[in-house]
Amino acid sequence: MSTFKSSTRIKRPAKEIYDFLADINNHERLAPEEEITDWSSTGDVASFTVRNMLKLSLRMERIAETMIKLVPASKPPFNIEMKWELSVDGEYTDVTFTIEADLNMMLKMVASGPLQKLADDESASLFNLLH
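*Asks:* Summarise the overall build of the protein chain; cite the residues concerned and give the values.
*Replies:* Along the backbone of the protein chain there are three helices and seven strands. Ordered by position from N to C terminus, the α and β elements of the protein chain give β-α-α-β-β-β-β-β-β-α. Radius of gyration (C-alpha) of the protein chain: 14 Å, near the 14 Å computed for a compact globule of 131 residues. Each principal axis of the C-alpha atoms in the protein chain carries an extent, and together these give about 45 × 30 × 25 Å.

*Asks:* Let's hear about the packing of aromatic side chains: which residues, and what values?
*Replies:* For the structure on display, the rule yields two aromatic pairs. An angle of 15° between the planes, with centres 5.5 Å apart, marks the rings of W39 and F48 as stacked. The burial state of W39 is the same as that of F48; both residues are buried. Ring geometry for W84 against F97: centres 4.2 Å apart, planes inclined by 25°, an arrangement best described as stacked. Taken as a pair, W84 in strand 6 (residues 80-89) and F97 in strand 7 (residues 92-101) lie far apart in primary sequence, 13 residues in all. Both residues of the pair, W84 and F97, belong to the buried class. Geometry around Y92 places R9 over its ring, the cationic atom sitting 4.9 Å from the centre.

*Asks:* Quick one: what's the story with the nonpolar core, residue by residue and with numbers?
*Replies:* The biggest cluster of nonpolar side chains holds 38 residues, and the ones touching the most others in it are L21, M82, W84, I99 and L126. Looking at which element gives the most residues to this core, the answer is helix 3 (residues 105-130), with six residues. Ignoring sequence-local partners within four residues, the contact set of L21 consists of H27, L30, M60, I68, W84, L86 and L126.

*Asks:* I'd like a rundown of the environment of D38, residues and numbers included.
*Replies:* Examined against the element boundaries, D38 turns out to sit in strand 2 (residues 36-42). Given a relative accessible area of 54%, D38 falls into the exposed group. For D38, the contacting residues outside a window of four places in its chain are S47, F48, T49 and K55. Reaching out from D38, the side chain makes a polar contact with the side chain of T49 at a distance of 3.3 Å.

What counts and what doesn't
Residues numbered from 1 in each chain as written. Predicted model: local features only at pLDDT ≥ 70, side-chain atom pairs only at ≥ 80, totals over all residues. Heavy atoms only, no water. Helix = DSSP H or I, 4+ residues; strand = E, 2+ residues; numbered from the N terminus. Rg over C-alpha atoms; globule rule 2.2 N^0.38 Å. Phe/Tyr/Trp six-rings, centres within 6.5 Å; stacked < 30°, edge-to-face > 60°. Buried < 20%, exposed > 50% of the residue type's maximum accessible area, 1.4 Å probe, protein only. Lys NZ or Arg CZ within 6 Å of the ring centre and 35° of its normal. Core = buried A, V, L, I, M, F, W, Y, C linked by side-chain atoms within 4.5 Å. Contact = heavy atoms within 4.5 Å. Polar contact = N/O pair within 3.5 Å; in protein donor to acceptor, adjacent residues only side chain to side chain.

Here it is, written out as structure tokens:
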């Protein structure tokens, strides 16, 4: 399993950040335009393409005010999970975005850079939108 992780610290209550992340439509605002295309979302499911490589359809699972998970809504080309974890530190909320993907050697060579960039860009976008 390959893990791609990025963290940020935001001076806002965890509930505000959780409420933003709990709306799947807001995730399009976090996704970098050059990495994510063909976005569509309905209810708790979002579908998109990662940099002309891979089409994903992910379903949102929520754990109140601490975690948002995005897991496959349909069979992906490989196992993947994305999650946002929130922890409170005084008046700040520490947010970690993790992408875990079961990549074979060939996919790992091709997808590792774009997946780490996706993790970094989404964390930076969250900070820029909510700080």
